[in-house]
Amino acid sequence: MEPKDSRSSVGHNARRRFLQRLGLAGGAAVAAGIAPSGAASAPDGHWDRTVDIICVGGGAAGCTASVTAAHHDAQVLLLEKEPRIGGTTMKSGGIAWIPNNFLLREAGERDDKQDCLQYLCRFAYPHLYVPHSPTMGLDESSFRALEAFYDTGQVMVDFLSRIGAARFGVFSVGAGGARPPDYGDHLLENKRPKGRSLAPLDADGKPVPGRIGDGSALINALSAWLAENKVPVLTGHRVTRLIQERGRVVGVEAQHEGRKLRLRARQGVIFATGGFAHNTEYVRLYHKFLYGACAMPASTGDFVSIGAMVGARMANMGSAWRAEVVLEEALASRLMPQDVFFVPGDSMLIVNKYGNRVVNEKRNYNDRTKVHYIYDPVNEDYPNQLLFLIFDERTCDAYAGAYPLPADAASLGYTLKGDTLADLSAKLHARLSTLADKTGGAALSADFADKLRVTIERFNGFARSGVDLDFGRGQQAYDREWQGFFSALRPGTAFGPNTMPSLTMHPLRDKGPYYVVILGAGALDTNGGPVINAHGQVISGEGAPIAGLYGAGNCIACPSAEAYYGAGGTIGLAMTFGYLAALDAMQRASPTAAVRAAG
């Protein structure tokens, strides 16, 4: 998933307006997961409804699985617990990251399988990666899952386009319409760092720009196909447990308006629900700190508890599609309008409680956020638990409204302002003291103000030379090219274009005012849960597939582990494994039908 927006105001009113546009009531309450009481046995022939395949969850993965199965003559039932389908995909940018896609092939830009797999494996498993190993150092199952993604993602996109369920075009950023680089564009293994991100076409046949809410174009296209082909979609139906018969999953129990329904699936049940970013109990169990997420409220980890009851193996539970959040905004409500996907501005830097820079501020959101979890074994704490975005009047004015910067000086929201660095530090210290009971007492070091002054002086030298000797800011194509997408100068600003050697860096002014925003670790959603294989089958604790049970999307242990390959990395994986799951369920039920489906 790829939520983006270059201009957004900060605060409660912005959140409320955004949630109202999505059709959510207020957004203050986050539902807790319903824990199933166990896997039910087959109910002596009594079923409220019988179909071939049940898909649970109406986001990109569930809709793709439903379309795939229905197109190949399976009777499909799509269940969604929310009042409308779409899930977090609706809130996303709608981009899908697909290796060797049709646009690359048509342009003659070879995305070689071996080269691409080296990128996939190296990024996802750097601690295991051995390029000349038959499985590149990975275990067999993990390697085959990534291989299936390469082999099948392109087929899935072509299939959806061919049947008219969804069409895609070039995803571009900036005024020049350039294709953006992958998030690991600088890795030597990435031989094709541009062109894998596809944008769904809108109702006018134009690629969407990839901003927050553009995922609706993808969901609208898929749901329109389902409606036209009379595939039943039941909203307000929450699956609470699976039904098994002689070890095989044969159906589900679901709650609807206080009534319990037993629904049978002859060929398989495909779970494609969200992660558990909004299940505070699971977050407490599996994450050190994850303050908020821009996932939809329904992301409460239903498949974790439901899968566990039938013996599913769990993995990646401490992982997420990470992104920083404005701390105080998240403390007011875990349901975020958006996360800090790209840190805007040039005369800005991020420091920890010691006043030290700790990261390339222009690094992609998923990888940048991981720095919050670094542990200090001497002081026995997390020095980066909270980080502080420091910027001057230039960035405040020239990039006003580029989230999380305030839209104007009259509406600072959660931004603090100080006339001097010492004044800013004192106000930040005071603000943190009011939040201590929610942050484990996180506080600034006693010499924070002095260290901050030294850090800014060093950064200003880097900005003047154009070379960041500490973190390489501006050296990667990602830093420079995404800068234009997220950090366009505000029309009417009193400050001119950046004339420094690197457009990503500009010296902070010698005089105030200065500003700070407190950042915490957040997420788009979590990406841990039941383990699947290359066919989308859910794996048991003993290592064998659980017959009749499949998974795709954020509810499973992501095949890419913690790697976010590029814009649309979440949706590309989700749709591909939704497609694979549907094909496999049909093949096991009818090999002849599956051969036709694969074509």
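An account of the accompanying structure is given in this report. Bear in mind that the values here come from a model prediction, so they are computed numbers and not experimental data.

1. Observations regarding helix H6 (residues 215-228)
Here H6 is 14 residues long and its end C-alpha atoms lie 20 Å apart, about the 20 Å a rise of 1.5 Å per residue gives. Of the residues flanking the end of H6, it is Lys230, one or two places downstream, whose phi is positive at about 55°.

2. Some details on the sheet that holds strand S5 (residues 168-170)
Spatially, three strands are ordered S4-S6-S5 in an open sheet, and the strand pairing comes out antiparallel. Each edge of the open sheet carries a strand with a single partner, namely strand S4 (96-97) and S5. In the sheet, S4 pairs with strand S6 (residues 197-200) via two bridges, with the strands oriented antiparallel. From the neighbouring strand, Ala96 faces S6, where its bridge partner is Leu198.

3. Describing the side chain of Lys91
Mapped onto the elements of the fold, Lys91 is located in the loop between strand S3 (76-80) and S4. Despite its burial, Lys91 pairs with no opposite charge, the nearest such side chain being Asp339 at 6.9 Å. At 3.5 Å, the side chain of Lys91 forms a polar contact with the backbone oxygen of Pro337.

4. Quick word on empty space enclosed by the protein
Over the atoms, a rolled probe matching the size of one water molecule traces out where space is still vacant. In total, this model carries two cavities of 30 Å³ or more according to the counting rule given. The calculated volume of the largest cavity comes to roughly 70 Å³. With four residues, helix H16 (residues 569-589) is the largest single contributor of residues to the lining of the largest cavity. Looking at the lining of the largest cavity, its residues break down into seven nonpolar, four polar and no charged.

5. Topic: the packing of helix H2 (residues 60-71) against helix H5 (residues 140-163)
The interhelical angle for the contact between H2 and H5, taken along N-to-C directions, is 65°, at an axis separation of 11 Å. For the element pair H2 and H5, the recorded crossing hand is left-handed. Each of Thr64, Val67, Thr68 and His71 in H2 lies in contact with H5, whose residues at this interface are Met156, Phe159, Leu160 and Ile163. Of the residues assigned to the contact of H2 with H5, the class counts are five nonpolar, three polar and no charged.

6. Regarding the nonpolar core
Nonpolar side chains tend toward joint burial in soluble globular proteins. By size, the foremost hydrophobic cluster in this structure holds 129 residues, and its most contacted members are Ile54, Phe271, Phe388, Ile390 and Trp482. Tallying contributions element by element places strand S16 (residues 514-526) first for this core, with eight residues. Counting 42 residues, the second largest nonpolar core, distinct from the first, contains Ala69, Leu226, Tyr550 and Met586.

7. Some remarks on the layout of surface pockets
Its volume calculated, the largest pocket comes out at about 530 Å³. Contributing elements (two or more residues each) for the lining of the largest pocket: H2, S3, strand S8 (238-245), helix H8 (302-308) and H16. Within the lining of the largest pocket, the residues separate by chemical class into 19 nonpolar, 16 polar and seven charged.

8. Notes on the packing of aromatic side chains
Two aromatic rings are characterised by how far apart their centres lie and by the angle between their planes. Per the stated rule, a full pass over the model turns up 29 aromatic pairs. Seen in terms of ring centroids, Tyr478 and Trp482 are 5.8 Å apart; in terms of plane orientation they differ by 40°. Their pairing is tilted. On the criterion of helical spacing, the pair formed by Tyr478 and Trp482 is a turn pair, its members being four residues apart in helix H15 (residues 477-486). Grouping residues by exposure puts Tyr478 and Trp482 together as buried. Put simply, the rings of Phe171, Tyr183, Trp321, Phe341, Phe342, Tyr365, Tyr478, Trp482, Phe486 and Tyr564 pair up and form one aromatic cluster.

9. As for the pattern of salt bridges
Enumeration according to the criterion identifies 36 salt bridges in this entry. The residue Asp302 makes a salt bridge to Lys81 at a minimum N-O spacing of 3.0 Å. A residue pair is termed long-range when its members are at least 10 positions apart, and Asp302 in helix H8 and Lys81 in the loop between S3 and S4 qualify at 221 residues. By relative accessible area, Asp302 is classed as buried at 7%. Among the salt bridges present, the one from Arg238 reaches Asp302, with a minimum N-O distance of 3.0 Å. Of the two residues, Arg238 sits in strand S8 while Asp302 sits in helix H8, which places them 64 residues apart along the sequence. By relative accessible area, Arg238 is classed as buried at 14%. One continuous salt-bridge network, built from bridges that share partners, spans Lys113, Glu140, Arg144, Glu147 and Asp151.

Scoring rules and cut-offs
- Residues numbered from 1 in each chain as written.
- Predicted model: local features only at pLDDT ≥ 70, side-chain atom pairs only at ≥ 80, totals over all residues.
- Heavy atoms only, no water.
- Helix = DSSP H or I, 4+ residues; strand = E, 2+ residues; numbered from the N terminus.
- Expected span 1.5 Å × (residues − 1).
- Pairing = 2+ DSSP bridges.
- Buried < 20%, exposed > 50% of the residue type's maximum accessible area, 1.4 Å probe, protein only.
- Lys, Arg positive; Asp, Glu negative; His and termini not counted.
- Salt bridge = Lys/Arg side-chain N within 4 Å of Asp/Glu carboxyl O.
- Polar contact = N/O pair within 3.5 Å; in protein donor to acceptor, adjacent residues only side chain to side chain.
- 1 Å grid on protein atoms, 1.4 Å probe; cavity = no way out; pocket = protein on both sides within 12 Å on 5 of 7 lines; lining within 4 Å.
- Points joined across faces, edges and corners; volume = space filled by probe spheres on them.
- Nonpolar A, V, L, I, M, F, W, Y, C, P; charged D, E, K, R; others polar.
- Axes fitted to C-alpha atoms, helices over the stretch in contact; angles between N-to-C directions.
- Left-handed = near helix turned anticlockwise from the far one by under 90°.
- Contact = heavy atoms within 4.5 Å.
- Core = buried A, V, L, I, M, F, W, Y, C linked by side-chain atoms within 4.5 Å.
- Phe/Tyr/Trp six-rings, centres within 6.5 Å; stacked < 30°, edge-to-face > 60°.

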